[in-house]
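# A look at the structure
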Amino acid sequence: QVQLVESGGGLVQAGGSLRLSCAVSGGTFSIYHMAWYRQAPGEQRELAAEITSGGTTNYADSVKGRFTISRDNAKKAVYLQMNTLKPEDTAVYYCRGHFGPLNYWGQGTQVTVSS
C-alpha cells in the first residue's frame, strides 16, 4: 500500500521560514501528481501548491512567490519550502498524491505562525 508521512511543521514567527517534507512509501512515486493542501481553523481544505510528474508547478495566489514545491523522485519525497510566513498561513498541511483513480493523503502536519 501507499503511505504518505508529513514532517517539518511547527511554530514560527511571522516572516520566518519552514520546510515541510512528505515521505512516500509504496507505489510508483515518479508517475504521481503531488500536492500540498492546507486547512485553517474553521475553513475548508484548500490547494496550496502542486507539482506534476513532469515537474510543472502551480500555486494558490495566496502563497505564490513565497512557497516553493519540489520533488525528488529518487528519494520518493515532496517538499514545500515556505518563506515569509504570515499568520494567515497557520493551518494543518496535508500531502496528497494521485494518479488516475488512485488518491492518497498524509496525516497532516501543523504549521502555526505567530504575530
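Attention in this report is confined to the structure presented alongside it. Treat the numbers as computed from the prediction; the structure is a model and nothing was measured.

Okay, the environment of Ser 21 next. Within the fold, Ser 21 resides in strand β3 (residues 18-25). What makes Ser 21 partly exposed here is its relative accessible area of 21%. Sequence-wise, Ser 21 and Gly 8 are 13 residues apart; in three dimensions their C-alpha atoms are separated by 6.1 Å. When near neighbours in sequence (up to four residues on either side) are disregarded, Ser 21 contacts Val 5, Glu 6, Ser 7, Trp 36, Val 78 and Tyr 79.

So, on to the state of the cysteines. For the structure shown, the criterion picks out 1 disulfide. Note that Cys 22 is cross-linked by a disulfide to Cys 95, the S-S spacing being 2.2 Å. Looking along the S-S bond of the Cys 22-Cys 95 disulfide, the torsion reads about -85°, which is the left-handed sense. Linking Cys 22 in strand β3 with Cys 95 in strand β9 (residues 91-99), this pair joins segments that are 73 residues apart in sequence.

About the cut-offs
Residues numbered from 1 in each chain as written. Predicted model: local features only at pLDDT ≥ 70, side-chain atom pairs only at ≥ 80, totals over all residues. Heavy atoms only, no water. Helix = DSSP H or I, 4+ residues; strand = E, 2+ residues; numbered from the N terminus. Buried < 20%, exposed > 50% of the residue type's maximum accessible area, 1.4 Å probe, protein only. Contact = heavy atoms within 4.5 Å. Disulfide = S-S within 2.5 Å.

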